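# Structural characterization, general
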Amino acid sequence: MRTSNLITDGAPAPVEAPSHLSPPPARLPRPAALFLDMDGVLAPLAATPDAVVPHPERTAALRSVARRLDGRVAILSGRTIAEIDRIAEASAASASGVHGLERRRADGSLHRAEAAPEVRDAVAAFEAFARTRPGIIVEDKAVSAGLHYRGAPDEAGAALALARDLADRTGLTMQAGNLVVELKTPGTSKGTALNAFMQEPPFAGAVPVMLGDDLTDEDGFRAAEAAGGFGVLVGPPRETAARYGLPDVDAVLAWLNAVEEHA
């Protein structure tokens, strides 16, 4: 992770937005709530899921902004909550994992959806697919099955075709991401997770701001906008429901360090 544009002297470093979106304001309405994706937003994308590791700059930024916003910060990720805590060093009390299928409230109580039995079929099919294709990684999250093809991008078409066929046959929800496809227990998204947090303390009554980079974050952008807030797209320009943009992980961390509320 580069650190050249992180805040080191108390003043925000300059950041740029994707070309079609302006950067988000650092002064947010009081009270504000932040909802943050992990991979591609708080942490750089990596070749394998376990290659993403804790980083002191990230941990410090999360702890600092959580203090300034009186705890109104949640990480919403496709990763499990255990993985979120590993990478963020347990710096976020509130977290949602596996696209809303796991959710930890600010008081520490945990809700986990019951896994659809068809997830086991998806894991088995993905493992059979990966067995003869070097570079393919299967991730078993109990409530979902992930097929990562970042290490074998030429297999993208075959991986997506397999996932579509399995989704049609099993009723699992297909969730395509950045060089990964997931089959998950139906019924949740990052948008449903954001809405659930917004019904509870300390988030209730706040203005939600959602930061994400992938298509899986679009539900979160729409939910934030519908609740009177906005989304922030991180990364290259594309069609999006987000209102603002930031170019990369370093810009996100710089922005987090600059965030403050105003009356």
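Our subject in this report is the structure included herewith.

Cut-off values and rules
Residues numbered from 1 in each chain as written. Predicted model: local features only at pLDDT ≥ 70, side-chain atom pairs only at ≥ 80, totals over all residues. Heavy atoms only, no water. Helix = DSSP H or I, 4+ residues; strand = E, 2+ residues; numbered from the N terminus. Rg over C-alpha atoms; globule rule 2.2 N^0.38 Å. Buried < 20%, exposed > 50% of the residue type's maximum accessible area, 1.4 Å probe, protein only. Contact = heavy atoms within 4.5 Å. Areas by Shrake-Rupley, 256 points an atom, 1.4 Å probe, with all protein chains shown as cover. Pairing = 2+ DSSP bridges. Axes fitted to C-alpha atoms, helices over the stretch in contact; angles between N-to-C directions. Expected span 1.5 Å × (residues − 1). Arc of directions from axis to C-beta.

### Brief notes about the overall build of the chain
The secondary structure content of the chain amounts to seven helices and 14 strands. Scaling as 2.2 N^0.38, a compact globule of 263 residues should have a C-alpha radius of gyration of about 18 Å, and the chain matches this with 18 Å. Viewed in the frame of its principal axes, the chain has a C-alpha envelope of about 55 × 35 × 30 Å. Split into buried and exposed, the 263 residues of the chain put 52% on the buried side. Long-range contacts, defined here as pairs at least 24 residues apart, represent 61% of the contacts in the chain between residues at least 6 apart. As displayed, the chain has an accessible area near 11000 Å², and 52% of this comes from carbon and sulfur atoms.

### Points about the sheet that holds strand β9 (residues 173-177)
In spatial order, the strands read β7-β8-β10-β9; together these four strands make up an open sheet with antiparallel pairing. Unpaired on one side and paired on the other, β7 (137-140) and β9 mark the two borders of the sheet. Strand-to-strand twist of the sheet, defined as the mean angle between neighbouring strand axes without regard to direction, takes the value 15°. Sheet analysis places strand β8 (residues 144-148) next to strand β10 (residues 180-184), joined by five bridges and oriented antiparallel. Considered in β10, the bridge of Leu147 is made with Val181. Sheet strands touched by helix α3 (residues 118-131): β7, β8 and β10. Its angle to β8, the strand with the most contacts, is close to 20°.

### Section: the environment of Ala204
With respect to the helices and strands, Ala204 occurs in the loop between α5 (190-197) and β11 (207-212). Sequence-wise, Ala204 and Asp39 are 165 residues apart; in three dimensions their C-alpha atoms are separated by 26 Å. In this structure Ala204 touches Phe197, Met198 and Gln199, once residues within four positions along its chain are discounted.

### Some thoughts on helix α4 (residues 156-170)
Relative to the 21 Å expected for 15 residues at 1.5 Å per residue, α4 spans 21 Å between its end C-alpha atoms, a close match to the ideal helical length. If you check which residues of α4 are buried, you get Ala156, Ala159, Leu162, Ala163, Leu166, Ala167 and Thr170. Viewed end-on, α4 has its buried residues packed into an arc of 135°, placing them on one side of the element. Across from the buried face of α4, at angles greater than 90 degrees, the exposed residues are Asp168 and Arg169. Looking at the buried positions of α4, the neighbouring elements they touch are α3, β8, β9 and β10. Phi turns positive, to about 85°, at Gly171, one or two residues after α4.

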